[in-house]
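Listed below are the residues making up each chain.
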Amino acid sequence: MEPGSGDGPSGPERVIVLGGDRVRIGRGADNDVVMDDLTVSHRHAELRPRPGGGSRIRYEIVDLHTDGGTYLNGGPVERADVRDGDVIGIGHATFVLDGTRLTEFDDAAGVWLEVEGLVVTAADDGHRLLDSVSFPVPERCLVGVIGPSGAGKSTLLSALTGQLDADEGRVLYDGRDLHRDYAELRQRIGVVPQQDILHVHLPLRRALGFAARLRFSRDTTADERDARVDAVIAALGIAGREDQRIVTLSGGQRKRVSVALELLTKPSLLLLDEPTSGLDPGMDRSMMMLLAGLAHEGRTVIVVTHSVLNLQFCDRLLVMAPGGRVAYYGPPEQTLRFLGFDSWPEAFDAFQNDGVRDWAGEYRASELHAGYVSGPGGRGEGDAMSAPARRLTVRRWIGLARTLVARYVAAIASDRMFLAIMAALPIVLGAMARALAGQALDAEHTVNTVLIICVGAVLTGTANSVRELVKERPIYRRERAVGLPRSAYLTSKVLVLGTISVVQALVLTAVAVAGVHVDPLGFGGVWGQVHLELLIIAAALAFTAMMGGLVVSALVGREEVTMPLLVLIAIVQVIFCGALLPLYSIPGLAEISWFVPARWALGAMAGTLHLQELLPGKFGDDPLFASDVGSWVMDLGILAALSVTAGGVVYWLLRRQEPAVMRRR
């Protein structure tokens, strides 16, 4: 099928004649305008007549407190006047007011994408990663993007989706600036990165079900969500594997699951980065046939690939040359002839070794460029401004946070190895501390016991969280791009990991002091409850360590470096907790220790166990070890302050990792 030659008309979906009455728009059958779109609320918005204005009726659009929002000319609105020619965006549809008519346009039949003069420069040395990249993509078109390593293929995809800011140029989605109107258009765009964007330990159906709850309107029913999940599973050819954990699927099947996730919201524009990477030739062909079918059903599809085995399924081929320039854009069957080679290996070898040839210049001067790129320009006007972010309702935020918590708990419960380690670690560490405790926490045994408890609480708390953000970074970036609140995501991590860490600390401490006389001299602790005080301190320390682990996880770039850092963190806790060195008397080290959670936890435990009285020669002058209520409360207060500070740092670091188009909001 020739791109853009769809069977249906490209005109308006329908025309609603306005008679001066209120017009309600939504998913429910009781609306005046019924939309078959699960991102739209049951009762979504109303177009209401306004009094005044002479003989001509004036209208306003009112959002009915929806999840997906109502947009006017690309910006979110709760209530706003509508003038002739204004564009109202609801779900996948746009409505244009023209006097007494409201015309609806739906992008289900495909969209025209136009890339105009994209320039992206490297932040470090200013060299161009993309150099004046321009090409149009017709409706119902599959575009393959190929080129040698370093030619800017993935950079182009990042610039198209808003992951990177372009220094120059723009991307037009049916004539609208994609980055400017991103808040409205993001639900119409599907992006499949190289990495998995699902929790792979979950069963396929359950993973897609959680995604549906996050992306669809809050008032969708379970039956509606299940029907859509079943539809994409069937469409992607993965039926029969619904109850299989994603991690057990083959590479090709996992790619199809990632595509299925993006198809839940019926995007009109689908972009994929290396979907055939690691697949055998048969699966490569199957994936390209699938993408061609998705395009010809009514989507605009752009796929970045290193494979040249099945480019014949593409409608257009974009060849990137070194330096981020366009060496060719047009039908795939004409590519090698235009470049002057008989095979792709010859072409790629020339790209790498022929530094003199002006690939982009040759293409710009060709008839192919005149026919496929420099024809009619963009279909509309736009600028680089971003529409303001839509305010999220409290109910919607709570609903998203609950879904994220449920999904995270399910993902952890599905990872049996992680569960086993979490269950065993506090028991093993507690047993070590118990072996050192003897029969009573006296002058001989107390220091080593509380040191093991503190280090163990730090280890468990940090180990729980140090990998969690970095391993989910592709998932977070994609979900953030479609509107997931940063605060809801972070809250789900804190609630789940905090609960796990606190429970582990309680188990560790309980095992460590089981059958041990914790107050042999009868001091009575600080509050008169020695066991309870030790449990509270260990729990607070584990929670603070968990928050610190999230900071590390948000900072690092690769999951592999987290385990060496975990060992380093444990060593730092031992050195700076105050059990081995008289830190209070060493300038510099004393100040550094203020930022070490174990220092404050050990101080509180020392107060509870009256270490200054048990070992006056060793700890008598350390002000943090005082056995009074004020010092004990201060120690716990500092742990709380460190936790809050770590949360703020993680929130800021998450923002830095988001798509550029989201950071501008």
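- The name given to the protein in an unreviewed UniProt entry is ATP-binding cassette domain-containing protein, with Tomitella fengzijianii as the source organism.
- We quote the UniProt Subcellular location (unreviewed entry) comment for the protein here in full: "Membrane".

## Remarks on the domain arrangement of the protein
- Along its sequence, the protein is carved into domain 1 (14-106), domain 2 (113-188 + 271-374), domain 3 (198-266) and domain 4 (394-664).
- Taking only C-alpha atoms into account, the centre of domain 2 sits 28 Å from that of domain 3.
- In this assembly, domain 2 packs against domain 3 so that about 900 Å² is buried in total across both faces, 64% of it on carbon and sulfur atoms.
- In this assembly, domain 2 and domain 3 are joined by zero salt bridges.
- At the junction of domain 2 with domain 3, the criterion picks out one residue pair in polar contact (both at pLDDT 80 or more).
- In terms of residue count, the dominant contributor to the side of domain 2 that touches domain 3 is helix H6 (residues 281-296) (five residues).

## Here's the deal with the packing of aromatic side chains
- Across all of its chains, the model carries ten aromatic pairs by this definition.
- With a centroid separation of 5.8 Å and 90° between ring planes, the pair formed by Phe338 and Tyr363 is classed as edge-to-face. On the criterion of sequence distance, the pair formed by Phe338 in helix H7 (residues 335-339) and Tyr363 in helix H9 (residues 359-364) is long-range, its members being 25 residues apart.
- Tyr363 sits in the buried class, given a relative accessible area of 1%.
- Aromatic side chains Trp527 and Trp632 sit 6.0 Å apart centroid to centroid with 75° between the ring planes, which places their arrangement in the edge-to-face category. Here the residue Trp527 occupies a position in the loop between helix H16 (486-512) and helix H17 (530-555), and Trp632 occupies one in helix H23 (residues 629-656), the gap between them amounting to 105 residues.
- Under the relative-accessibility criterion, Trp527 is labelled partly exposed at 48%.
- One Lys or Arg, Lys493, reaches over the ring of Tyr408 and ends 3.5 Å from the middle of that ring.

## Focus: the sheet that holds strand S9 (residues 87-90)
- Taken in spatial order, the six strands make up an open sheet running S1-S11-S10-S9-S6-S7, and their pairing is antiparallel. Since the sheet does not close on itself, it has two edges, and those belong to strand S1 (14-17) and strand S7 (75-77), each with one partner. In this sheet, adjacent strand axes meet at a mean angle of 30° when their direction is disregarded.
- Of the strand pairs in this sheet, S9 and strand S10 (residues 93-98) are connected by four bridges, and their pairing is antiparallel. If you follow Ile90 over to S10, its bridge partner there is Ala93.

## Topic: the sheet that holds strand S15 (residues 168-173)
- Strands sit in the order S13-S12-S15-S16 across an open sheet of four strands; the sheet is antiparallel. The open sheet has two edge strands, strand S13 (128-137) and strand S16 (176-177), and neither has a second partner.
- Here six bridges tie strand S12 (residues 113-121) to S13, and the two strands are oriented antiparallel to one another. Within S13, the position partnered with Leu113 by the bridge is Val137.

## What about the nonpolar core?
- In this structure, Ile453, Ile537, Leu541, Leu602, Met605, Leu636 and Leu639 are the most contacted members of the largest nonpolar core, which totals 54 residues.
- Elements that contribute at least two residues to this core include exactly helix H12 (416-437), helix H13 (446-465), H16, H17, helix H18 (562-576), helix H20 (597-609), helix H21 (611-614) and H23.
- Looking at this core element by element, the count peaks at nine residues for H17.
- Excluding its chain neighbours within four sequence positions, the residues that come into contact with Met605 are Val450, Ile453, Cys454, Leu534, Ile537 and Ala538.

## Observations concerning empty space enclosed by the protein
- Taken as a whole, this structure holds four cavities of 30 Å³ or more when the rule is applied.
- Estimates place the volume of the largest cavity at around 70 Å³.
- Looking at the lining of the largest cavity, the element that brings in the most residues is helix H3 (residues 204-215), giving four residues.
- Tallied by class, the residues present in the lining of the largest cavity amount to seven nonpolar, one polar and three charged.
- The computed volume of the second largest cavity comes to approximately 60 Å³.
- Contributing to the lining of the second largest cavity are Thr161, Gln163, Tyr182, Arg186, Ile189, Val191, Arg478 and Ala481.
- Those elements giving two or more residues to the lining of the second largest cavity turn out to be strand S17 (189-192) and helix H15 (473-481).
- Class assignment for the residues of the lining of the second largest cavity results in four nonpolar, two polar and two charged.

## Comments concerning H12
- Relative to the 32 Å expected for 22 residues at 1.5 Å per residue, H12 spans 32 Å between its end C-alpha atoms, a close match to the ideal helical length.
- Bending of H12 peaks at approximately 25° at the position of Ala424, with proline Pro426 no more than four residues after it.
- Of all the residues in H12, the buried ones are Phe418, Met422, Pro426, Leu429, Gly430, Ala433 and Ala437.
- Of the surrounding secondary structure, the elements contacted by the buried residues of H12 are helix H11 (394-414), H13 and H16.
- At the exit of H12 stands Gly438, carrying a positive phi of roughly 70°.

So, how was this worked out
- Residues numbered from 1 in each chain as written.
- Predicted model: local features only at pLDDT ≥ 70, side-chain atom pairs only at ≥ 80, totals over all residues.
- Heavy atoms only, no water.
- UniProt positions renumbered as here; feature names shortened; annotations may be inferred.
- Domains from an automatic or database assignment.
- Buried area = accessible area lost by both parts, 1.4 Å probe.
- Salt bridge = Lys/Arg side-chain N within 4 Å of Asp/Glu carboxyl O.
- Polar contact = N/O pair within 3.5 Å; in protein donor to acceptor, adjacent residues only side chain to side chain.
- Helix = DSSP H or I, 4+ residues; strand = E, 2+ residues; numbered from the N terminus.
- Phe/Tyr/Trp six-rings, centres within 6.5 Å; stacked < 30°, edge-to-face > 60°.
- Buried < 20%, exposed > 50% of the residue type's maximum accessible area, 1.4 Å probe, protein only.
- Lys NZ or Arg CZ within 6 Å of the ring centre and 35° of its normal.
- Pairing = 2+ DSSP bridges.
- Axes fitted to C-alpha atoms, helices over the stretch in contact; angles between N-to-C directions.
- Core = buried A, V, L, I, M, F, W, Y, C linked by side-chain atoms within 4.5 Å.
- Contact = heavy atoms within 4.5 Å.
- 1 Å grid on protein atoms, 1.4 Å probe; cavity = no way out; pocket = protein on both sides within 12 Å on 5 of 7 lines; lining within 4 Å.
- Points joined across faces, edges and corners; volume = space filled by probe spheres on them.
- Nonpolar A, V, L, I, M, F, W, Y, C, P; charged D, E, K, R; others polar.
- Expected span 1.5 Å × (residues − 1).
- Bend = angle between axes of the 7 residues up to and from the residue.

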